Amino acid sequence: MFHADHYTGTRHDQYETVLGQLRGLVHGEPSLIANLANASALLGQFLKDVNWVGFYLFDGTELVLGPFQGLPACIRIPLGRGVCGTSAGERRTLVVEDVHAFPGHIACDAASNSEIVIPVIKNGQLIGVLDIDSPLKGRFDELDKEYLEKFVQILTEELAV
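Figured I'd write up the structure that's included with this text. (Residues numbered from 1 in each chain as written. Predicted model: local features only at pLDDT ≥ 70, side-chain atom pairs only at ≥ 80, totals over all residues. Heavy atoms only, no water.)

## Remarks on unusual backbone geometry
- The backbone of Arg91 sits at a positive phi, close to 55°, despite the residue not being glycine.
- Classification of Arg91 by relative accessible area gives partly exposed; the value is 40%.
- Of note in the backbone geometry, Asn123 takes a positive phi value of approximately 50° without being a glycine.
- With respect to the helices and strands, Asn123 occurs in the loop between strand S5 (114-122) and strand S6 (125-134). (Buried < 20%, exposed > 50% of the residue type's maximum accessible area, 1.4 Å probe, protein only. Helix = DSSP H or I, 4+ residues; strand = E, 2+ residues; numbered from the N terminus.)

## Digging into the pairing of strand S1 (residues 52-58)
- Counting buried positions along S1 yields six of seven residues, so the element is predominantly enclosed.
- Strand direction decides the pairing type here: S1 and strand S2 (residues 62-70), joined by six bridges, are antiparallel. Pairing of Tyr56 across the sheet is with Leu65, part of S2.
- The antiparallel hairpin formed by S1 and S2 contains three residues in its connecting segment, where Gly60 sits at a positive phi of about 100°. (Pairing = 2+ DSSP bridges.)

## Details of the nonpolar core
- Counting 29 residues, the largest nonpolar core has Leu22, Leu43, Leu130, Ile132, Phe151 and Leu155 as the members making the most contacts within it.
- Broken down by secondary-structure element, the contributors of at least two residues to this core are helix H1 (11-26), helix H2 (32-46), S1, S5, S6 and helix H4 (142-158).
- It is H4 that contributes the most residues to this core, six residues altogether.
- Not counting chain neighbours up to four residues away, the residues in contact with Leu130 comprise Leu43, Val53, Gly54, Phe55, Ile116, Val117, Ile118, Val120, Phe151 and Val152.
- Among the nonpolar cores identified, the runner-up in size contains 16 residues, and Cys84, Val99, Phe102 and Val129 belong to it. (Core = buried A, V, L, I, M, F, W, Y, C linked by side-chain atoms within 4.5 Å. Contact = heavy atoms within 4.5 Å.)

## A look at the pairing of S6
- For S6, the buried fraction is high: nine of the ten residues fall into the buried class.
- The pairing of S1 with S6 spans six bridges and is antiparallel. Its bridge partner lying in S6, Phe55 is registered against Leu130.
- Note that S5 and S6 share nine bridges and pair antiparallel. Paired with Val120 across the bridge in S6 is Gly128.
- The turn linking S5 back onto S6 is made up of two residues, and Asn123 within it adopts a positive phi angle of 50°.

## Describing the sheet that holds strand S4 (residues 94-96)
- With antiparallel pairing, six strands are arranged side by side in an open sheet as S3-S2-S1-S6-S5-S4. This sheet does not close on itself; its edge strands, each paired only once, are strand S3 (76-78) and S4. Mean inter-strand twist for the sheet, computed between neighbouring axes without regard to direction, equals 25°.
- Strand direction decides the pairing type here: S2 and S3, joined by three bridges, are antiparallel. Bridge assignment links Glu62 to a residue of S3, and that residue is Pro78.
- Of the strands in this sheet, S1, S2, S3, S4, S5 and S6 are in contact with helix H3 (residues 82-90), which crosses S5 at around 30°. (Axes fitted to C-alpha atoms, helices over the stretch in contact; angles between N-to-C directions.)

Quick look at the structure:
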């Protein structure tokens, strides 16, 4: 059974706790959907000042909405379009301080002002992206980037793809 922790210590310490929780949630579970659903729920309850946390999955052509926490979202995103499509197409993490200044930004939720997107890649194959939005400009920093990339790495180790 999962118990929400009271995250204490530095942000580094808090992220380490979340990584441990994720390992416990996904260890030995081969279901992609179950693991992504639990991962988005875990981040949704851990991260402060966010309004959307979830995954878009690559179907071989474009990104398609997957498990998430937040308001209903855009269903399909072409590679190279918006923050998610650009991150997936370039296969690199993007930290965007002001999404309204990002060329081709796709506004699924008008309340979103900043975003971080981490590609999910296993054995060189694009699985999708982890997308997190915030109503605050400049919400995400290098520590978020570092630990969210570790978070995605833990997920990919368990994915049966």
